Amino acid sequence: MLAPLQSVPLVGMELEPFLLLFITALAGGAFGAALGALPAFIFTGFVVFLGEGLAILQREVGVVVEAVPQGELAVGVTGVIGFGAITGPHIAFAGGVAASAYAGKKYPEMEPEGWDYHFGKNILYAFGTKPDILTVGAVFGVVGMLVARVAGNIGVPTDGIALSVFLTAMLARVAFGYPLIGRAAGEGLLDMSPFERDETRTMADGGTEMVRPATEPWLPHQYKWSGVTAIGIVGGIMAGFIWIQTGSIFLGYAISAMSLLFLQLGVEKIPVTHHITLMGSVGAVVAMPVLGYDPAVVLVAGAFGALAGILGEVTQRIFYSHSGTHVDPPAMAIVLVMLLVGVLYLVGALPNPGYLGL
């Protein structure tokens, strides 16, 4: 789990703070449904960018807001809001993902023109004020909060927020009648060649026969192994450099998340890199005590970024491409890389666990 969130445990919480968290998570999940999952996550990027900027300013200038102890202001913005009950991905993004899954079955007529995949995968769509859809988002916001808190409290050695994003997305598939994995059209789950050959299959969406791609890659412009490896190296190196210069693990992640505004606005071929930059920062953090040499550290960061990019692609081919809802490849990549980091730290093979509070 992201370190700032561990200051508010679930087990042993007094009733009033828990009710506050519960009610706010309801609103945060509904917020994600209203705006749409991707727009809500873009807000995560802006809020985390603000929080990390405040933290850097406090460290560099040494001036704090009156009556706010050193670090608390930045932790409040980054941890309690950015990664918390307002725009935390496990709450707002998860609520938006569940809302899309629900609407894909309940309201297929809402599908916008030009959307080729199942409507349940459309995380760009804002559902506005429709009460039942907001309710779905609210419920999954609370579930996402609980999963992340429990993961942190029992000491799961990975990122509890990313784990929650994955598990709530799979729960939405079960809840709304989608296959957990789906049937591969090609030679196994990892085969993207049906998409490359423009193969289609007919699906019944809301009683209407729809022609869909036989295989639906998460990002049609970002699925080839060479490409995800290349952008992984680039993003990882950049994030490692950002950490070396600023001391912020999450600033590169925030910049990547904000860049998705251009993807939301329809700019073609914008890469999705927040898993890459976050893991690149982690690579730099774990490498610095061992190597102590900046050029070598950023190369390790690039390797971590490449690993995240490759794992994101592997997981999208398994969990995303063959069913009808969004299961987030960056979240799955973060879970896997941080699980590796957490386990290696616990057995003494790494000097620190990155941002995990182990």
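Counting of residues starts from 1 at the beginning of each chain's written sequence and follows it residue by residue. Under the rules for a predicted model, residues below a pLDDT of 70 receive no local features and side-chain atom pairs below 80 are neither given nor counted, while totals for whole chains, interfaces and linings still include all residues. Side-chain calculation: all heavy atoms of the structure are included, whereas hydrogens and water are not.

### Describing the overall build of the chain
Only DSSP runs of H or I reaching four residues or more are called helices, and only runs of E reaching two or more are called strands; each is numbered from the N terminus. Of the regular secondary structure elements, the chain holds twelve helices and two strands. Written out in order from the N terminus, the α and β elements of the chain read α-α-α-α-α-α-α-β-β-α-α-α-α-α. Its C-alpha atoms give the chain a radius of gyration of 20 Å, within 12% of the compact-globule value 21 Å for 358 residues. Principal axes of the C-alpha set define a box for the chain whose edges measure 60 × 50 × 35 Å. For the chain, long-range pairs separated by at least 24 residues make up 73% of all intrachain contacts whose partners lie at least 6 apart in sequence. Exposure was quantified through the Shrake-Rupley algorithm and a 1.4 Å probe, taking into account, for residues, occlusion by the shown protein chains and nothing else. Just so you have it, the chain exposes about 14,800 Å², and 69% of that area is on carbon and sulfur atoms. We take the radius of gyration over the C-alpha atoms and set the globule estimate at 2.2 Å times the residue count to the 0.38 power. Residues are treated as being in contact if the distance between any of their heavy atoms lies within 4.5 Å.

### Quick word on the packing of helix α4 (residues 89-106) against helix α6 (residues 160-175)
Inter-axis angles, ranging from 0 to 180 degrees, are taken between N-to-C directions of lines fitted to C-alpha atoms, where helices are fitted over the stretch in contact. The N-to-C vectors of α4 and α6 enclose an angle of 15°; their axes lie 9 Å apart at closest approach. Put simply, α4 runs roughly parallel to α6. Helix-helix and strand crossings are classified by hand; for α4 and α6 the assignment is right-handed. Residue-level inspection shows P89, H90, F93, A94, V97, A98 and A101 of α4 in contact with α6, the latter providing I161, S164, V165, T168, A169 and A172. Of the residues belonging to the contact of α4 with α6, the class tally is ten nonpolar, three polar and no charged. Working rule for angles: under 35 degrees goes down as roughly parallel, over 145 as roughly antiparallel, 65 to 115 as roughly perpendicular, anything else as oblique. Rotating anticlockwise by less than a right angle from the far helix to the near helix defines a left-handed crossing, while the corresponding clockwise rotation defines a right-handed one. Classification convention: Asp, Glu, Lys, Arg as charged; Ala, Val, Leu, Ile, Met, Phe, Trp, Tyr, Cys, Pro as nonpolar; all other residues, Gly among them, as polar.

### Overview of the pattern of salt bridges
In what follows, salt bridge is the name for a side-chain nitrogen of Lys or Arg lying within 4 Å of a carboxyl oxygen of Asp or Glu. All chains considered together, the criterion is met by four salt bridges. Where K121 meets E216, a salt bridge forms, and the shortest distance between an N and an O atom there is 2.6 Å. Taken together, the residues span a long stretch of sequence, with K121 in the loop between α4 and α5 (131-153) and E216 in the loop between β2 (208-213) and α8 (225-246) at a distance of 95 residues. Residue R197 pairs with E199 through a salt bridge whose shortest N-O separation is 2.6 Å.

### Some details on empty space enclosed by the protein
Here a cavity denotes a set of grid points, spaced 1 Å apart and computed over the protein atoms alone, in which a 1.4 Å probe fits but from which it cannot get out, and a pocket denotes an open set meeting protein on both sides within 12 Å along at least five of seven lines; residues with an atom within 4 Å of a point are reported as lining. Grid points are joined across faces, edges and corners, and a volume is the space filled by probe spheres set on the points. Applying the stated rule across the entire model yields one cavity of 30 Å³ or more. The calculated volume of the largest cavity comes to roughly 40 Å³. Residue lining of the largest cavity: W218, Q222, V228, H275, G309, G312 and E313, and that is the complete set. Sort the elements by how many residues they give to the lining of the largest cavity and helix α11 (residues 294-320) lands first, with three residues.

### Some points on the layout of surface pockets
Computed from the structure, the largest pocket encloses a volume of approximately 860 Å³. Looking at the lining of the largest pocket, its residues break down into 28 nonpolar, five polar and six charged.

### Observations concerning the environment of P89
Examined against the element boundaries, P89 turns out to sit in helix α4. With 86 residues separating them along the chain, P89 and A175 place their C-alpha atoms 20 Å apart. Once residues within four sequence positions are removed from consideration, P89 is found in contact with F41, T44, G82, F83, A94, I161, V165 and Y253.

### Some remarks on the nonpolar core
Side-chain atoms within 4.5 Å link the members of a nonpolar core, which is a set of buried Ala, Val, Leu, Ile, Met, Phe, Trp, Tyr and Cys residues. Think of it in three bands: residues with accessible area under 20% of the maximum for their type are buried, residues over 50% are exposed, and the middle band is partly exposed, with areas taken using a 1.4 Å probe on protein chains only. The biggest cluster of nonpolar side chains holds 55 residues, and the ones touching the most others in it are L278, M279, V282, M338 and Y355. The set of elements that each furnish at least two residues to this core consists of α2 (37-61), α4, α6, α9 (251-264), α10 (274-291), α11 and α12 (329-346). Formed by 15 residues, the second largest nonpolar core is a distinct cluster that contains A101, V136, A172 and F176.

### What about unusual backbone geometry?
Notably, D198 is not glycine yet its phi reads approximately 60°, a positive angle. Mapped onto the elements of the fold, D198 is located in the loop between α7 (193-196) and β1 (200-205).

### Re the packing of aromatic side chains
Pairing of aromatic rings covers Phe, Tyr and the six-membered ring of Trp, with a centre-to-centre limit of 6.5 Å; geometry is then stacked below 30 degrees between planes, edge-to-face above 60, and tilted otherwise. As enumerated under the stated definition, the model contains 16 aromatic pairs in all. Between the aromatic rings of F31 and F43, the centroid separation amounts to 6.2 Å while the plane-to-plane angle is 65°, which identifies the pairing as edge-to-face. Taken as a pair, F31 in helix α1 (residues 15-35) and F43 in helix α2 lie far apart in primary sequence, twelve residues in all. For F31, a relative accessible area of 27% translates into the label partly exposed. Look at F41 and F93: their rings are 6.0 Å apart centre to centre, the planes differ by 65°, and that puts the pair in the edge-to-face class.

### Points about α4
Expected span of a helix: the number of residues minus one, times 1.5 Å. Helix length check: α4 (18 residues) gives 24 Å between terminal C-alpha atoms against 26 Å at 1.5 Å per residue, within 8%. A large share of α4 lies buried, amounting to 16 of its 18 residues.

### A short note on the environment of V48
Mapped onto the elements of the fold, V48 is located in helix α2. Along the primary structure V48 and A172 are separated by 124 residues, whereas in three dimensions their C-alpha atoms are 27 Å apart.

### Quick notes on the packing of α11 against α12
Two packed helices can be described by the angle between their axes and the distance between those axes. Where α11 contacts α12, the two axes come as close as 8 Å, and the packing angle between them is 125°. It follows from the interaxial angle that α11 and α12 lie oblique. Note that α11 runs across α12; the crossing there is right-handed. In this structure, α11 contributes F304, L307, A308, L311, G312, T315, Q316 and F319 to the contact, and α12 contributes P329, M332, A333, L336, V337, L340 and V341. In terms of residue class, the contact of α11 with α12 is built from twelve nonpolar, three polar and no charged.

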